[in-house]
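Architecture and fold: a report
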Amino acid sequence: MEELFYKSTRDNSIKVKASQAILKGLSDDGGLFIPERIPVLEKSLKEIAGMTYQETAYEVMSRFFTDFTEEELKNCISRAYDSKFDTDVIAPLVEADGAYYLELFHGQTIAFKDMALSILPHLMITSAKKNNIKNDIVILTATSGDTGKAALAGFADVEGTKIIVFYPKNGVSAIQEKQMVTQKGKNTFVVGIHGNFDDAQTGVKKIFADKEFAAQLDAHGYQFSSANSINIGRLVPQVVYYVYAYATLLREGKVADGESINVVVPTGNFGNILAAYFAKHMGVPIDKLICASNDNKVLFDFFENGVYDRNREFYLTTSPSMDILISSNLERLIYLICGEDSEKNKTFMEQLSKEGIYTISDDMKAQLKDFAGGFATEEETAQRIRDLYEKTGYVLDTHTAVASAVYEKYKENTKDTKKTVIASTASPFKFAKSVMQAIDGKEEQESDFELIERLSKTANVTIPNAIEEIRTAPVLHDHICEKEGMKDIIKEFLGI
Ligand SMILES: *Cc1c(COP(=O)(O)O)cnc(C)c1O
């Protein structure tokens, strides 16, 4: 198979292998790694319809990670997608009220980030071996809630790695926080920072770009890598489930071969929807990619008028994993639509970092017609949870509800009747309080765990293991720092 190399979105002269891109996470110039072309599927979707999730994963990932041997990649896949998931199909497709919900929350931490973070540690260790790396890999991650726990669960006690997670102290749900601070594993460190997610992410990015610090680490036998959704090792495993979703529709006779569908994705960092865009370019007949935002609707405004403007009020919503004003993965799309011109892309990203705003050209905007932007307010999101529950008994989490509400508005505005897959990104149990408030239409006085019990009865779904586990687990991490103090606390953890 022809080898696929990766370039940096900020420097076209960079050319690395997949394993090197996975190890580095971010390019030295601050850019994101991107394949020099999006590969197409080798087998037909009809053939793929006869495959398991794991086999589908191999079909997709082998096209991107061309420097992995078949044995290496199959080994990573079988270690990732095993009994950690509570269903053999890994990503079930559930029909409710005329849409297909692609449930991506059946892994260890009951949110979609498990889909990629179950495999990333294995991809990374394999990459280190292939590249003769002797240092321990230190995973440094900023999280808006779900990435943190999913990364911790993925990397805990993985030989040759350490993981440090920063989360906004008051910007994640109580359950999300409990999940993180009870994490076991002697290679795991969790820190709450005084600031929002963007502060945490900006801090992490600065540390990654600090060459002096990297040299200091190297002298102590460590090197950083990223488990954030900017890592290509996160993005590619997410392409798999869109291929699998279409294959499932085909297998079940819900679409005819070649019939195009729409996809709706509740969006924060733009990783998940970018994976859907990649799936489209691999050959999955996806028509519209509907990008759903909550009140932090910076992406909706961008798709409307071609202006990306982060200078606005930041809202804490009931869908905290989407409370993001700088969608890191959008940089890859900007790079692609500006003619893969890394200098041009770099200029936009510098404007974003200096002034918080950039405006794309009309030519670039014309290439965004695959996308439709939408947003749902807090009220619309809660209403959608209640409506769908009353109509069908199916209970959505708050993030998926944003997507579902956006889809209802999209249908009404466009009269588009194509079959539609909605990415269902978290279990409602992870956001039990907001979900029960939406269903009952009032403030809840009960504790989180009382609400979880009640949600289990309401939705007629047993409480997932991930929730049962943290009920009684002791708090193992209680570090707090200011956003200026991130580097010092890392040094403290690593003993340097
Ligand atoms: C991370 C997350 C999102 C946003 O996904 P992006 O890839 O960052 O756009 C949506 N919903 C949930 C539950 C998440 O954890």
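The structure reproduced in this document is the subject of the present report. Quantities reported herein were computed from a predicted structural model and do not represent experimental measurements.

The rules behind the values
- Residues numbered from 1 in each chain as written.
- Predicted model: local features only at pLDDT ≥ 70, side-chain atom pairs only at ≥ 80, totals over all residues.
- Heavy atoms only, no water.
- Helix = DSSP H or I, 4+ residues; strand = E, 2+ residues; numbered from the N terminus.
- Rg over C-alpha atoms; globule rule 2.2 N^0.38 Å.
- Buried < 20%, exposed > 50% of the residue type's maximum accessible area, 1.4 Å probe, protein only.
- Contact = heavy atoms within 4.5 Å.
- Pairing = 2+ DSSP bridges.
- Right-handed = clockwise from strand over helix to strand, strands pointing away.
- 1 Å grid on protein atoms, 1.4 Å probe; cavity = no way out; pocket = protein on both sides within 12 Å on 5 of 7 lines; lining within 4 Å.
- Points joined across faces, edges and corners; volume = space filled by probe spheres on them.
- Nonpolar A, V, L, I, M, F, W, Y, C, P; charged D, E, K, R; others polar.
- Near = heavy atom within 4 Å.
- Polar contact = N/O pair within 3.5 Å; in protein donor to acceptor, adjacent residues only side chain to side chain.
- Areas by Shrake-Rupley, 256 points an atom, 1.4 Å probe, with all protein chains shown as cover.
- Sits in = over half its atoms within 2 Å of the grid points.
- Axes fitted to C-alpha atoms, helices over the stretch in contact; angles between N-to-C directions.
- Phe/Tyr/Trp six-rings, centres within 6.5 Å; stacked < 30°, edge-to-face > 60°.
- Lys NZ or Arg CZ within 6 Å of the ring centre and 35° of its normal.
- Parallel < 35°, antiparallel > 145°, perpendicular 65-115°, else oblique.
- Left-handed = near helix turned anticlockwise from the far one by under 90°.
- Expected span 1.5 Å × (residues − 1).

1. A closer look at the overall build of the chain
When helices and strands are counted, the chain shows 22 helices and 16 strands. Taken against the 2.2 N^0.38 rule, which gives 23 Å for 496 residues, the C-alpha radius of gyration of the chain at 21 Å falls within 12% of a compact globule. Projected onto its principal axes, the C-alpha coordinates of the chain cover approximately 60 × 50 × 45 Å. Residue burial in the chain is summarised as follows: out of 496 residues, 60% are buried. Expressed as a percentage of contacts within the chain between residues at least 6 apart in sequence, the contacts between residues at least 24 apart total 75%.

2. Things to note about the pairing of strand E10 (residues 261–266)
The buried fraction of E10 is high, at 6 of 6 residues. Going residue by residue along E10, you find Ile261, Val263 and Val265 tucked away on one face and Asn262, Val264 and Pro266 tucked away on the opposite face as well. As defined by bridge partners, E10 adjoins strand E11 (residues 286–293) across 5 bridges and the pair is classed as parallel. Its bridge partner being in E11, Val264 is matched across the sheet by Ile290. In this fold, the crossover linking E10 to E11 by way of helix H12 (residues 271–282) has right-handed handedness. Inspection of the sheet shows E10 paired to strand E15 (residues 420–424) by 3 bridges, in the parallel sense. Of the residues in E15, the one forming a bridge with Val263 is Val421.

3. Here we look at empty space enclosed by the protein
A water-sized probe rolled over the atoms picks out the places where empty space is left. What the rule picks out here adds up to 4 cavities of 30 Å³ or more. Within this model, the largest cavity holds a volume of roughly 280 Å³. Phe112, Lys113, Gly268, Asn269 and Ser321 are, among the 26 residues lining the largest cavity, the residues nearest its centre. Elements with a minimum of two residues in the lining of the largest cavity: helix H7 (146–155), helix H11 (232–251) and H12. Top contributing element to the lining of the largest cavity by residue count: H12, with 3 residues. A per-class count over the lining of the largest cavity returns 9 nonpolar, 14 polar and 3 charged.

4. Thoughts on the site of the ligand
Inspection of the region around the ligand gives 15 residues, with Lys113, Asp146, Gly268, Asn269 and Thr425 positioned closest. Interatomic distance of 2.8 Å between a backbone N/O atom of Gly268 and an oxygen atom of the ligand. Residue Asn269 places a main-chain N or O atom 2.7 Å away from an oxygen atom belonging to the ligand. Expressed as a share of its isolated accessible area of 380 Å², the protein-covered part of the ligand is 98%. Structurally, the ligand is housed in the largest cavity. Broken down by class, the residue content of the shell around the ligand amounts to 5 nonpolar, 8 polar and 2 charged.

5. Some thoughts on the sheet that holds strand E9 (residues 222–226)
Pairing is parallel across the open sheet formed by 5 strands, whose spatial order is E9-E6-E7-E8-E16. At either end of the open sheet lies a strand with only one pairing partner, and these are E9 and strand E16 (479–482). Taking the axes of each pair of neighbouring strands and ignoring which way they run, one obtains an average angle of 30° across the sheet. Relative to E9, strand E6 (residues 136–142) is paired through 5 bridges, and the arrangement is parallel. Looking at the pairing, Val138 lines up with Phe224 of E9. Relative to E6, helix H9 (residues 197–208) is tilted by about 150°, and along the sheet it contacts E6, strand E7 (161–168), strand E8 (188–194) and E9.

6. Re the packing of aromatic side chains
A complete count under the given rule lists 19 aromatic pairs for this structure. Judged by centre distance (5.8 Å) and plane angle (40°), the rings of Phe65 and Phe68 are tilted. As far as the burial class goes, Phe65 and Phe68 line up, both buried. Ring geometry for Phe208 and Phe224: centres 5.9 Å apart, planes at 80°, overall edge-to-face. With a gap of 16 residues between them, Phe208 in helix H9 and Phe224 in strand E9 connect regions that are remote in the sequence. An aromatic cluster of at least three residues, connected via ring pairs, comprises Phe270, Tyr277, Phe302, Phe303, Tyr308, Phe348, Tyr358 and Phe371. Sitting over the face of the ring of Phe5, Lys15 holds its NZ or CZ atom 4.6 Å from the ring centroid.

7. As for the packing of helix H17 (residues 378–392) against helix H19 (residues 432–440)
Packing of H17 against H19 brings their axes to within 8 Å, and their N-to-C directions diverge by 70°. What the angle tells us is that H17 and H19 run roughly perpendicular. When the axes of H17 and H19 are compared, the crossing they make is right-handed. Where H17 approaches H19, its residues Ala382, Ile385, Arg386 and Tyr389 are matched on the opposing element by Val435, Ala438 and Ile439.

8. Some points on helix H8 (residues 174–181)
An α-helix turns once per 3.6 residues; consequently, residues spaced three or four apart project the same way. Residues of H8 that are buried: Ile175, Gln176, Gln179, Met180 and Val181. Each element contacted by the buried residues of H8 is listed here: H7, E7, E8, helix H20 (448–459) and helix H21 (465–471).

9. Here we look at helix H18 (residues 398–414)
With 17 residues, H18 should cover 24 Å at 1.5 Å per step; its first-to-last C-alpha distance of 24 Å lies within 8% of that length. Taken residue by residue, H18 has Thr398, His399, Thr400, Ala401, Val402, Ala403, Ser404, Ala405, Val406, Tyr407 and Tyr410 as its buried positions. After H18 finishes, the residue Lys415 shows a positive phi value of roughly 60°.

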